[in-house]
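# Structural overview for review
Residues per chain are reported as follows:
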Amino acid sequence: MAVAVHEKKQVLDMAALRKDFPILERPMNGRPMVFLDSAASSQKPISVLQTLDHYYRHTHANVHRGVYQLSQEATDAFEAARRTIARFIHAPTDKEVLFVRGTTEGINLVASSYGRSFLQPGDEILISTMEHHSNIVPWQMIAEQMGARIKVWPITPAGELIWEAADELMGPKVKIVAITHISNALGTINPVKDIIELAHSRGIPVLLDGAQAIPHLKVDVQALDVDFYTFSGHKMFGPTGIGILYGKEKWLDQMPPYHGGGEMIERVTFEKTTYNELPHKFEAGTPDISGAVGLAAAVDYMESIGHEAIGQHEHALLEYATEQLLGIDGLRIIGTAAQKASVISFMVEGLHPYDIGALLDKMGIAVRTGHHCTQPLMDWYGIPGTVRASFAFYNSFEDVERLVEGVKRAVQMLA
Amino acid sequence: MSEKLKQLYQELILQHHRHPVHFEKREDAGAVIEAYNPICGDRFQLYLDMADEKIARISFYGYGCAISKAATSVLVSQMDGQGVIQAAQTIERFLHALQSTEENPILENELAAFLPARQFPERMQCVTLSWEALKTFLAGY
């Protein structure tokens, strides 16, 4: 096969940028570490670490509680973080931006609260073949409770939704469409604007699982006109344990609270409780204040680099890695959609992903192996799992070269 | 590549991975045992014929990493023709050696080849997957 080497177009100052991520400097198994598992969880820039440290050293108290100044400062920091994130995703109002623990909790909240309000026996929930378990299981749970059923939007072998199926799938019984913006296992970027337009033309709201999209793309919830959009902080260079559920006020107003407790109430008696207004109605208990503040710092960091530069760099990495990996005999890429994020799942003929992953690890290269929490998708492809290399903007062309070299050595050893 | 890792993926293991012993599906087997690890997706079927308190015939089929496939291949080669009690003792001895910190526990060469896995706790389940499944079967036999 004639391989035309892609131009290694350098749009970012990698040396300076990588210095912002101290963990990337640590050695791994005697080699400089190559971290290619950002789709599972990304690393954190110094500015996020410093923000967390500063918050706990100088600002921490419980929020929305105290009359004293420190509590007010903590509340201000927490609500300022909400505004930063609202601006980041272009939410019309910060009332529609709820702090949750992560994407999983965001989906569970919608499945449970929207489901209890709007699902009737016989209704349908439309998901797709490429969903993460966290966008399957919560819907199965509420479907069972309400007597609804799950419908699955099929995909092509390349890993793209079969668009021709959409018309028939979005029938009158469908009460919500829940689809991933970008597939964590395949990298497919779904045509979410078209999906939302079609669903809305039939009065169906749409939830997007944005966990994999938010680290890569500019997300504008108003331009998308999406009803619910949820993502995790730790995949976008922020802390673990914090995430966002954006929801349109018209839906959130009609949905019952998800958790009960402090903060989400207006007035409590033993007979009856009335609920607080948005967003607090959905934020029972002391929130992850430091997480929220850290997430806002991650937003600032991403904006300082810029979505355009991030997109260009990652696309160049994706093209280069795809081309170089395909030069390895017996290597097959799973997920070859026309629109892809910088995620490459692959298998090598006759070799198990675990063995490749274990050997790469000893060469200092961290990749994910296995089913990537997408067992139905792996079953659809008839494979037990893949090796997945996922790239963030802090990955370099050298990282790609180390990966390719590592896979070649692993194949040599095992085959 | 580290020395430790080379020991884990040593030639004896790679040979069993490339050319597993009694690697065949059998529709007519007297018993079929499934060894499945939901975390990594490895899945093997062990096919057995039991006769006169013995494992008269054993084969396996399925999919797993080099370590789990080799460990299953060695299991099958060790168990073929063994009495139930003797088989259970061999399994026990092997699993015990894997848990021990003793430098060179007395084991057949084929079994001792897996001792370097003690340096890789995350790979221990690859070694023991089929062994544990057969142990459970024999305990209930």
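Our structure is the block above this text.
Here goes a summary of the coordinates provided. Note that the structure is predicted; figures quoted are calculated from it, not measured. (Residues numbered from 1 in each chain as written. Chains lettered and ligands numbered in written order. Predicted model: local features only at pLDDT ≥ 70, side-chain atom pairs only at ≥ 80, totals over all residues. Heavy atoms only, no water.)

## A look at the interface of chain A and chain B
Facing 18 residues of chain A, the contacting portion of chain B comprises 19 residues. Carbon and sulfur atoms make up 59% of the surface buried where chain A meets chain B, a total of about 1600 Å² over both sides. Three residues, Tyr354, Lys362 and Met413 of chain A, lead the burial of chain A against chain B; their summed loss comes to 36% of the area buried on that side. Along the contact surface separating chain A from chain B lie one salt bridge. For the salt bridge of aspartate 355 of chain A with arginine 123 of chain B, the shortest nitrogen-to-oxygen distance reads 3.1 Å. There are seven residue pairs in polar contact (both at pLDDT 80 or more) connecting chain A and chain B. Within the residue set of the side of chain A that touches chain B, elements represented by two or more residues are α12 (353-362) and α14 (397-414) of chain A. Of all the elements, α12 of chain A adds the most residues to the side of chain A that touches chain B, at six residues. (Contact = heavy atoms within 4.5 Å. Buried area = accessible area lost by both parts, 1.4 Å probe. Salt bridge = Lys/Arg side-chain N within 4 Å of Asp/Glu carboxyl O. Polar contact = N/O pair within 3.5 Å; in protein donor to acceptor, adjacent residues only side chain to side chain. Helix = DSSP H or I, 4+ residues; strand = E, 2+ residues; numbered from the N terminus.)

## A short note on the pairing of strand β17 (residues 386-390) of chain A
Residues and elements named next belong to chain A. The buried fraction of β17 is high, at five of five residues. Burial along β17 is two-sided: the face carrying Thr386, Arg388 and Ser390 and the face carrying Val387 and Ala389 are both buried. Looking at chain direction, strand β14 (residues 343-348) and β17 are connected through four bridges and run antiparallel. Within the sheet, the bridge partner assigned to isoleucine 344 lies in β17 and is alanine 389. (Buried < 20%, exposed > 50% of the residue type's maximum accessible area, 1.4 Å probe, protein only. Pairing = 2+ DSSP bridges.)

## Concerning the environment of threonine 136 of chain B
All names here are of chain B. Looking at the element boundaries, threonine 136 is found in helix α6 (residues 124-139). Sequence separation between threonine 136 and alanine 88 is 48 residues; the distance between their C-alpha atoms is 9.5 Å. Only 2.9 Å separates the side chain of threonine 136 from the backbone oxygen of glutamate 132, close enough to count as a polar contact.

## A word on the packing of aromatic side chains
Evaluation of the coordinates by the stated rule reveals 24 aromatic pairs over all chains. Centre to centre, the rings of tyrosine 114 of chain A and phenylalanine 118 of chain A are 4.6 Å apart; their planes meet at 25°, and the pair counts as stacked. Placement of both tyrosine 114 of chain A and phenylalanine 118 of chain A in helix α4 (residues 103-118) is noted, with a separation of four residues, approximately one turn of the helix. Look at tyrosine 114 of chain A and you get buried, because its relative accessible area is 2%. Seen from their ring centres, tryptophan 380 of chain A and tyrosine 381 of chain A are 4.9 Å apart, and the 90° between their planes marks the pair as edge-to-face. Given a relative accessible area of 39%, tryptophan 380 of chain A falls into the partly exposed group. Relative accessible area serves as the criterion here: at 17%, tyrosine 381 of chain A is assigned to the buried category. Ring pairing ties together the aromatic residues Phe21, Phe237, Tyr301, Phe393 and Tyr394 of chain A, which thus form one cluster. The positively charged end of arginine 43 of chain B is found above the aromatic ring belonging to tyrosine 36 of chain B, 3.9 Å away from the centroid. The positively charged end of lysine 69 of chain B is found above the aromatic ring belonging to phenylalanine 23 of chain B, 4.9 Å away from the centroid. (Phe/Tyr/Trp six-rings, centres within 6.5 Å; stacked < 30°, edge-to-face > 60°. Lys NZ or Arg CZ within 6 Å of the ring centre and 35° of its normal.)

## What about helix α3 (residues 66-79) of chain B?
All names here are of chain B. The terminal C-alpha atoms of α3 lie 20 Å apart, and with 14 residues this matches the ideal 20 Å at 1.5 Å per residue to within 8%. With respect to burial, α3 is a largely interior element, 13 of its 14 residues being buried. Backbone geometry just downstream of α3 places glycine 81 in the positive-phi region, at approximately 90°. (Expected span 1.5 Å × (residues − 1).)

## Considerations on the environment of proline 205 of chain A
Residues and elements named next belong to chain A. For proline 205, the location among the structural elements is in the loop between α7 (192-201) and β8 (206-209). Proline 205 gets classed as buried once you look at its relative accessible area, which sits at 2%. Linking proline 205 and tyrosine 246, residues 41 residues apart in sequence, is a C-alpha distance of 13 Å. Each residue touching proline 205, except ones within four places of it in the same chain, is listed here: Tyr114, Lys175, Ile176, Val177, His200, Asp227 and Trp251.

## Considering the pairing of β14 of chain A
Residues and elements named next belong to chain A. For β14, a buried count of six out of six residues is recorded, marking the element as mostly surrounded by other parts of the structure. The alternating pattern of β14 places Val343, Ser345 and Met347 and Ile344, Phe346 and Val348 on opposite faces, both of which are buried. With four bridges connecting them, strand β13 (residues 331-334) and β14 associate as antiparallel partners. Residue leucine 331 lies in a different strand from β14, and its bridge partner there is valine 348.

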